[in-house]
Amino acid sequence: MRNVRVMIASVVAVGMMAVTSCNTTKTVVASPVPQEPVMVSELDTVSYALGVNIGTNLKENLKTFPDGPVNMEVFTDILVKALKGDTALMMNPENAQNRIQKYVMAVQQRETEALKAEGEKFLAENKTKEGVVTTESGLQYKVLTEGSGAKPTEADRVKVHYTGKLLDGTVFDSSVQRGEPATFGVTQVIRGWQEVLQLMPAGSKYQVWIPSELAYGASGAGQMIKPHATLEFEVELLEIIRPERTEDTEK
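Residues numbered from 1 in each chain as written. Predicted model: local features only at pLDDT ≥ 70, side-chain atom pairs only at ≥ 80, totals over all residues. Heavy atoms only, no water.

Visitor: Got a sec to walk through the overall build of the protein? Specific residues and values, please.
Guide: Helix and strand content of the protein: six helices and seven strands. Each helix and strand of the protein, ordered N terminal to C terminal, gives the series α-α-α-α-β-β-β-β-α-β-α-β-β. Out of the 251 residues belonging to the protein, those deemed buried represent 26%. Considering only intrachain contacts with a sequence separation of at least 6, the fraction spanning at least 24 residues in the protein is 63%. As displayed, the protein offers around 17,600 Å² of accessible surface, 55% of which is attributable to carbon and sulfur atoms. (Helix = DSSP H or I, 4+ residues; strand = E, 2+ residues; numbered from the N terminus. Buried < 20%, exposed > 50% of the residue type's maximum accessible area, 1.4 Å probe, protein only. Contact = heavy atoms within 4.5 Å. Areas by Shrake-Rupley, 256 points an atom, 1.4 Å probe, with all protein chains shown as cover.)

Take a look at the structure:
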């Protein structure tokens, strides 16, 4: 314990020497230590808990705000005033909501246009690469393994292994990672899938690039697939399941 006190005293002494060595003497003012609120009742404790709960969740949500982060100083100041019912705020709730919606829509529009341009540029460059085939619809694929089986028709069901990625390499879906093939009807998937499946002999594995208009278009899908996103898939056609013989498969 004595050694700790000596160390602290030494640090303080060095700090004081640094201050007094300056030509102009400065007064060092310690920052006030934040005080915890006094809990008088159970409702006070619950109020504290609500603050922690709502504040923590809100902080996480604000991290994903478009073009963020938000100005936390402005946000917290106005939040407290709104909670206290301050009538001097420059926006009423309706105006505030309209302003937020307008801002978010403008940011999303910019992101959508950028993503669409990125996809078009990628496909234009990708079509010139060795082994890449571009169909009339704009679909692009490269044969990794050419199977020798039959090709599916619109009436068939197929069993496949696949991995879907964004152009930046982010995996958004993968039957390979789940360790279980997917089975579905040829017409039950996006247009790009429908087209490429009917080009693949059973036993084949293709690398496929699907323009947004053959994928999820302006709507996107879920949190990861944004509007107008060009998608990349690696598709392995394991089996074709004919409607009249669901127990038999072709390889």
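So that's the structure; there's more coming.
Visitor: I'd like to hear about the pattern of salt bridges, residue by residue, with values.
Guide: Think of it this way: side chains of opposite charge can pair up when their charged atoms draw near. If you walk through the whole model with that rule in mind, you get seven salt bridges. Across the pair Lys81 and Asp77 runs a salt bridge, and its minimum N-O distance is 3.5 Å. Within this pair, Lys81 and its partner Asp77 are both found in helix H3 (residues 72-83), separated by four residues, close to a single helical turn. (Salt bridge = Lys/Arg side-chain N within 4 Å of Asp/Glu carboxyl O.)

Visitor: An account of the pairing of strand E3 (residues 157-166) is requested, with residue identities and associated values reported.
Guide: Burial within E3 is extensive, with seven of its 10 residues counted as buried. As paired strands, E3 and strand E5 (residues 182-185) are joined by four bridges and run antiparallel to one another. Paired with Val160 across the bridge in E5 is Ala182. Alignment of E3 against strand E7 (residues 231-241), held across 10 bridges, turns out to be antiparallel. Directly across from Lys165, in E7, lies its bridge partner Glu232. Hairpin connection, E3 to strand E4 (residues 171-174): the antiparallel pair is bridged by four residues, and Gly169 has positive phi, about 95°. (Pairing = 2+ DSSP bridges.)

Visitor: I'd love a proper account of a nonpolar patch on the surface, names of residues and values included.
Guide: Judged by side-chain polarity, Leu43, Val46, Leu50 and Ile54 come together as a nonpolar surface patch covering roughly 380 Å² of accessible area. Tracing the chain through its elements places Ile54 in helix H2 (residues 42-63). Residue classification places Ile54 among the exposed positions, given a relative accessible area of 51%. (Patch = residues over 30% accessible without salt bridge, like charges linked within 9 Å, V, L, I, M, F, W, Y side chains within 5 Å.)

Visitor: Would you mind going over the nonpolar core in detail, with residue names and values included?
Guide: Of all hydrophobic cores here, the largest spans 28 residues; its most connected members are Val160, Trp193, Val208, Ile210, Leu231 and Phe233. Contributing elements (two or more residues each) for this core: E3, E5, helix H6 (191-197), strand E6 (205-210) and E7. (Core = buried A, V, L, I, M, F, W, Y, C linked by side-chain atoms within 4.5 Å.)

Visitor: If you had to explain the packing of aromatic side chains to someone new, which residues and values would you point to?
Guide: Summed over the entire model, instances satisfying the criterion amount to six aromatic pairs. Note on Phe172 and Phe233: the rings are 5.7 Å apart at their centroids and 90° apart in plane angle, and the pair reads as edge-to-face. With Phe172 in strand E4 and Phe233 in strand E7, the pair connects residues that are 61 residues apart, well separated along the chain. By relative accessible area, Phe172 is classed as buried at 19%. A relative accessible area of 6% means that Phe233 is categorised as buried. Note on Trp193 and Phe233: the rings are 5.4 Å apart at their centroids and 85° apart in plane angle, and the pair reads as edge-to-face. Placement of Trp193 in helix H6 and of Phe233 in strand E7 is noted, with a sequence separation of 40 residues between them. Both residues of the pair, Trp193 and Phe233, count as buried. (Phe/Tyr/Trp six-rings, centres within 6.5 Å; stacked < 30°, edge-to-face > 60°.)

Visitor: Describe unusual backbone geometry, naming the residues involved and giving the relevant values.
Guide: The backbone of His228 shows a phi angle near 65°, a positive value even though the residue is not glycine. Residue position: His228 is located in the loop between E6 and E7.

Visitor: Describe the environment of Gly220, naming the residues involved and giving the relevant values.
Guide: Its location among the elements puts Gly220 in the loop between E6 and E7. On the basis of relative accessible area, Gly220 is assigned to the buried category, the value being 14%. Sequence separation between Gly220 and Thr112 is 108 residues, and the spatial gap between their C-alpha atoms is 10.0 Å. Ignoring sequence-local partners within four residues, the contact set of Gly220 consists of Ile225, Lys226 and Pro227.

Visitor: So what's going on with helix H4 (residues 93-126)? Which residues, and what values?
Guide: An ideal rise of 1.5 Å per residue puts 50 Å on 34 residues; H4 measures up with 49 Å between its terminal C-alpha atoms. By the burial criterion, the buried members of H4 are Val104, Val107, Thr112, Gly119, Leu123 and Asn126. Lining the buried residues of H4 we find strand E1 (132-134), strand E2 (140-145) and E6. Taking the backbone nitrogen of Glu94 as reference, a side-chain oxygen 3.1 Å away marks Asn92 as the first, capping residue of H4. (Expected span 1.5 Å × (residues − 1). Polar contact = N/O pair within 3.5 Å; in protein donor to acceptor, adjacent residues only side chain to side chain.)

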